[in-house]
Amino acid sequence: MLLLDYENVLIKSLLTERFSGAPPVSVDQIVSDFDGVTFHLSTPETKTKILISINVKCFRELVQYGAQQVLEREYGPYIVAPEPGYDFSVVIDLENLPEDQTAREDLIMRLALLKRNAMAAPFEKAFDEFAQLAEEASRYTTESAPAGIAEGGEVMTIHYREEEAIYIKASHDRVTVIFSTVFREETDRIFGKVFLQEFVDARRRVLTLQNAPQVLFRNDPPLELAGLPGLQDAGDGKISYITFGMVA
């Protein structure tokens, strides 16, 4: 089941209505998500052309890991120069939509997943690295594997929120995804620890979750982040790290 954020649902709803043949109307709406991502839906030139723009705090980091290529793959003919104050923009011409209804629905869904597709770039890169490292590792024993294979790929860092980040690292046997989370209040830290620890314990208790990704919860940086510059001091207990170990 695919879950959509509020702004995704809004875009999907608006485009579904517009794509259905409803009379074109002027649009000028800004939507902000909890993670600081901002969307702007507008019709600056004509009612039949909808401009959709997105601003992402970590967009420059995402571009380093291939976001531009992913977005060009998903939205190629619709891409225009970014609207001032935004990182990426597309224009949808209601007078030049795909004829096939299935193609229209696919376009609506792809536009609704604009943030998801931008954020997907480092994950795609990590799984590509995982496949390459796994193939190379298959030629060696554990003891004879070169350092580059044993250590895995680089740690990709995405500062998606203020003081919080996503760390992604490919190895020959898994892709590790680490979320740093800040709990400022004592009560939040207590509830947060209980909730996040449930991720860890559920996999142990429920038989059907035995094949789910490994989950670890800790207050100090995991070993995968050893030596990484810019890590905040976790000594005050405000920062927690949630690690997911995934295999393609």
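Use the structure listed above.
Calculation notes
- By convention here, each chain's residues receive numbers from 1 onward along its written sequence.
- Where local features are concerned, this predicted model is filtered to residues with pLDDT of at least 70; where side-chain atom pairs are given and counted, the filter is 80 or more; whole-chain, interface and lining totals use all residues.
- Excluding hydrogens and water, the side-chain figures rest on all heavy atoms present in the structure.
- Salt bridges, as used here, are contacts in which a Lys or Arg side-chain nitrogen is within 4 Å of a carboxyl oxygen on Asp or Glu.
- A simple rule labels every residue: compare its accessible area, found with a 1.4 Å probe on the protein chains alone, to the largest value its type can have, and call it buried under 20%, exposed over 50%, or partly exposed in between.
- Under the scheme used here, helices are H or I runs from DSSP no shorter than 4 residues and strands are E runs no shorter than 2 residues, and both carry numbers assigned from the N terminus.
- When DSSP locates at least two bridges between a pair of strands, those strands are taken to pair.
- Whether two residues touch is decided by their heavy atoms; if any such pair falls within 4.5 Å, the residues are in contact.
- Between the N-to-C directions of two axes lies an angle of 0 to 180 degrees, each axis being a line fitted to C-alpha atoms and, for a helix, fitted only over the stretch in contact.
- Picture the helix axis, draw a direction to every C-beta atom, and the arc is the one those directions span.
- We define a nonpolar core as any set of buried Ala, Val, Leu, Ile, Met, Phe, Trp, Tyr and Cys residues linked to one another through side-chain atoms lying within 4.5 Å.

### Considerations on the pattern of salt bridges
This structure, assessed with the given rule, holds 9 salt bridges. The partner of Arg 174 in a salt bridge is Asp 173, and the shortest N-O contact between them spans 3.9 Å. For Asp 173, a relative accessible area of 37% gives the class partly exposed. Note that Arg 218 is salt-bridged to Asp 220, the shortest N-O span being 2.9 Å. The network of salt bridges with shared partners includes Arg 73, Glu 74 and Glu 124.

### Description of unusual backbone geometry
In this model, Glu 163 sits at a positive phi of 70°, which is unusual for a non-glycine residue. Assignment of secondary structure puts Glu 163 in the loop between strand S6 (155–161) and strand S7 (164–170). On the accessibility criterion, Glu 163 (32% relative accessible area) is partly exposed.

### Quick notes on the sheet that holds strand S4 (residues 79–80)
Taking strand neighbours across the sheet as the criterion, the 5 strands line up as S1-S2-S3-S5-S4 in an open arrangement whose pairing is antiparallel. At either margin of the open sheet sits one strand with a lone partner, and together these are strand S1 (28–32) and S4. Sheet topology note: the strand S2 (residues 38–42)/strand S3 (residues 49–55) ladder contains 5 bridges and is antiparallel. Residue pairing across strands places His 40 opposite Ser 53, the latter belonging to S3. Along the sheet, helix H5 (residues 114–137) makes contact with S2, S3 and strand S5 (88–93), crossing S3 at roughly 40°.

### Here's the deal with helix H3 (residues 67–75)
Among the residues of H3, Ala 67, Val 70, Leu 71, Glu 74 and Tyr 75 are the ones counted as buried. Along the axis of H3, the buried residues cluster in a sector spanning 105°; they form a single face. If you follow the buried residues of H3, they end up packed against helix H2 (59–64), S4, S5, helix H4 (101–112) and H5.

### Re the sheet that holds strand S8 (residues 175–182)
In space, the 5 strands of this open sheet follow the order S6-S7-S8-S10-S9, with antiparallel pairing throughout. Every other strand in the sheet has two partners, leaving S6 and strand S9 (214–218) as the edge strands with one partner each. Each strand of the sheet is rotated relative to its neighbour by a mean of 15°, with strand direction disregarded. Across 5 bridges, S6 lies against S7 in antiparallel orientation. Looking at S7, one finds that Val 155 is bridged to Lys 169. Sheet contacts for H5: S6, S7, S8 and strand S10 (239–246); angle to S7, the most-contacted strand, approximately 25°.

### Quick word on the pairing of S7
Taken across its 7 residues, S7 has 7 buried, putting it largely inside the fold. Of the two faces of S7, the one holding Glu 164, Ile 166, Ile 168 and Ala 170 and the one holding Ala 165, Tyr 167 and Lys 169 are both buried throughout. Once S6 ends, the chain turns through 2 residues before running back antiparallel as S7, passing Glu 163 with a positive phi of about 70°. When S7 meets S8, the two strands line up antiparallel, connected through 5 bridges. Counted as the bridge partner of Ala 170 is Val 175 from S8. The hairpin turn running from S7 into S8, its antiparallel successor, is 4 residues long.

### As for the nonpolar core
Burial of nonpolar side chains together is a common tendency in soluble globular proteins. If you look at the biggest cluster of nonpolar residues, it comprises 46 residues, and the most contacted ones within it are Leu 15 and Ile 52. Per-element accounting of this core gives the leading share, 7 residues, to H5. Contact partners of Leu 15, with chain neighbours within four places excluded, come to Ile 50, Ile 52, Ile 108 and Leu 111. In terms of nonpolar packing, the next biggest core, distinct from the first, is built from 8 residues, Val 155, Ala 165, Val 182 and Ile 239 among them.

These results come straight from atomic positions and should not be treated as a statement about function.
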